[in-house]
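# Observations on the model geometry
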Amino acid sequence: MTFHNSSEQMIESIKLDFGSADTQSSIRALRIPPGQERTLLLNHQPGMGFNVQVNYKGGMEQSFCALRGDKEKDPVIDLKI
């Protein structure tokens, strides 16, 4: 999946937490400028969903569950505050 920084602020970090009954994983992406994208790959089945925490420059935070029930192969998630 691709995360697109649609905001005017630098994204300092994106943390993804995901898993199943047997595993738990975490991925962190750093420094995504406004207007830029970052593609991340998860090692679990589409539609299972995952938790996202976004930290913007200046201290603003955003947390949400993404793509639960969505089986799209190459989703783009627009991030904005």
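See the structure above.
Residues numbered from 1 in each chain as written. Predicted model: local features only at pLDDT ≥ 70, side-chain atom pairs only at ≥ 80, totals over all residues. Heavy atoms only, no water.

## Examining the side chain of Ser13
- Structurally, the position occupied by Ser13 is in strand β2 (residues 11–19).
- Apart from residues lying up to four places away in sequence, Ser13 is in contact with Arg28, Ala29, Leu30, Gln53, Val54 and Asn55. (Helix = DSSP H or I, 4+ residues; strand = E, 2+ residues; numbered from the N terminus. Contact = heavy atoms within 4.5 Å.)

## Digging into the sheet that holds strand β1 (residues 2–5)
- Strand order in the open sheet formed by three strands is β4-β1-β7, and the pairing between neighbours is mixed. Because the sheet does not close on itself, it has two edges, and the strands there are β4 (37–39) and β7 (76–79). Taken pair by pair, the neighbouring strands of this sheet meet at an average axis angle of 20°, ignoring direction.
- Across four bridges, the pairing between β1 and β7 is parallel. Bridge assignment links Thr2 to a residue of β7, and that residue is Val76. (Pairing = 2+ DSSP bridges. Axes fitted to C-alpha atoms, helices over the stretch in contact; angles between N-to-C directions.)

## Re the pairing of β1
- Alternating residues of β1 divide into Thr2 and His4 and Phe3 and Asn5, and every residue in both groups is buried.
- Strand direction decides the pairing type here: β1 and β4, joined by three bridges, are antiparallel. The residue bridging Thr2 from the neighbouring strand is Thr39, located in β4. (Buried < 20%, exposed > 50% of the residue type's maximum accessible area, 1.4 Å probe, protein only.)

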